[in-house]
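Residues per chain are reported as follows:
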Amino acid sequence: MKKLLTGALFAAMATGAQAEDVTLQLKWVTQAQFAGYYVAKDKGFYEEEGLNVTIKPGGPDIAPEQVIAAGNADVITTWMPAALAARERGLPLVNIAQPFKNGGLKFTCLKDSGVNGTADFPGRTLGVWFFGNEYPFYAWMAKLGLKTDGSEGGVTVLKQAFNVDALLQKQADCISVMSYNEYGQVIDAGISADQLVTFTYKDEGVGVLEDGLYVAEDRLADPAFEETMVKFVRASMKGWKYAEANVDEAAQIIIDNDETGAQSLEHQKYMMSEVAKLTAGSNGALDPADYDQTVATLLAAVSPDNPAITKAPEGMAWSHAITDKALQ
């Protein structure tokens, strides 16, 4: 049965106003990483703001930055390093909200491979995700003074697929994992936490902001669009806080919206419980200190050994106006 129109939407229709269309492009597939948006839609929070939100799942062949550049999305989720890199390429993205206060990117190694600390990295093969996820890794290696070209005394970089096969099949000594996804997959494969050595990028001093909301800067010159984004952020953060407080319900909402049928409820409950730890403490506002740390990490990532990064970011504008108004 279709859901009843909320009072706000009904009132808008009664006065002849139409819901404002908003298209959100996600960084990855439908999963609890994006629960706040699906919850906001499912619970009618967007409708209450007079918004008709379309959520477009991402995937390995979808770059949100390219989607918004082509005009096929109004707002995207992406990591700040990718947004900064896009800005350097001429796409002026602006962070309008930062639901994720903490990052989930980790690096895990099998103890029986002989890796017990960073001093054991030289000579090892390390699995790294690219497409904008590689920046903190290269910053970390630069901080440790390790070359990444496979030369003596350095490390060999394996361009890792978005799974944990490289670790399970012993193709790499260590791999990239998200706390809310691949780390759990390693555990599910029968490897216990005490058989792993796991590093957190933020603890290593090279953390970056993940999963922010971004729009094209020039569109914010339109007061109507800015107001639409205020409504969108307000409803989205309401969805995130509901998801944090109702993990099992949020996981079920993800399953209900997963058109691929690839997700399991059990894994989404695990994922949501971990994601809640990352969004906890955020009201959507971007902390300038977190921004500065992300920029510092990117600057440290620039090196002759890293062909993926050719230019240091010079900075990035963001709009406090959106979250300031949304929080009122």
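Residues numbered from 1 in each chain as written. Predicted model: local features only at pLDDT ≥ 70, side-chain atom pairs only at ≥ 80, totals over all residues. Heavy atoms only, no water.

Some thoughts on the sheet that holds strand S1 (residues 20–25)
Within a beta sheet, neighbouring strands are joined by backbone hydrogen bonds and run either parallel or antiparallel to one another. Stated precisely, the cut-off is as follows: Following DSSP output, two strands are said to pair if at least two bridges run between them. The secondary structure listing takes helices from DSSP runs of H or I that are at least 4 residues long and strands from runs of E that are at least 2 residues long, numbered from the N terminus. To obtain an axis, a line is fitted to C-alpha atoms, over the contacting stretch when the element is a helix, and the angle between two such axes runs from 0 to 180 degrees between their N-to-C directions. Note on definitions: a residue-residue contact is assigned when non-hydrogen atoms from the two residues lie within 4.5 Å.
On the basis of which strands lie adjacent, the open sheet formed by five strands has the order S2-S1-S3-S10-S4 and mixed pairing. Every other strand in the sheet has two partners, leaving strand S2 (51–56) and strand S4 (93–97) as the edge strands with one partner each. Within the sheet, the average angular offset between the axes of one strand and its neighbour, ignoring direction, is 35 degrees. The pairing of S4 with strand S10 (residues 212–216) spans four bridges and is classified as antiparallel. When the sheet's bridge partners are listed, Val94 is paired in S10 with Val215. Across the sheet, helix H2 (residues 35–42) is in contact with S1, S2, strand S3 (75–78) and S10; its angle to S2 comes to roughly 140 degrees. Along the sheet, helix H5 (residues 80–88) contacts S3, S4 and S10; its crossing angle with S4, the most-contacted strand, is approximately 150 degrees.

Points about the state of the cysteines
What counts, and what does not: Throughout, disulfides are identified as pairs of cysteine sulfur atoms within 2.5 Å of each other. Each residue's exposure class comes from its accessible area (1.4 Å probe, protein chains only) as a fraction of the maximum for that residue type: buried when under 20%, exposed when over 50%, partly exposed otherwise.
One pass over the structure, following the stated rule, counts one disulfide. Two residues, Cys109 and Cys174, share a disulfide whose sulfurs are 2.2 Å apart. On the sign convention where negative is left-handed, the bridge of Cys109 and Cys174, at about 105 degrees about the S-S bond, is right-handed. Of this pair, Cys109 sits in strand S5 (residues 105–110) while Cys174 sits in strand S8 (residues 174–178); the two residues are 65 residues apart in sequence, bridging distant segments of the chain. Per residue, the accessibility class of Cys109 equals that of Cys174, and both read buried.

Remarks on the confidence of the model for the protein
So the rule is basically this: Per-residue confidence from the predictor is given as pLDDT, running between 0 and 100.
Confidence in the prediction for the protein averages 90 pLDDT; 91% of positions are at 70 or higher. Low pLDDT (under 50) marks residues 1–16, which in the prediction has 12 contacts with non-local residues, meaning those over four places away or in another chain.

Thoughts on H5
Among the nine residues that make up H5, seven are buried, leaving the element largely enclosed by the rest of the structure. Of all the residues in H5, the buried ones are Met80, Pro81, Ala82, Ala83, Leu84, Ala85 and Ala86. The inward-facing, buried residues of H5 abut helix H4 (64–69), S3, S4, helix H6 (135–144), S10 and helix H12 (288–301).

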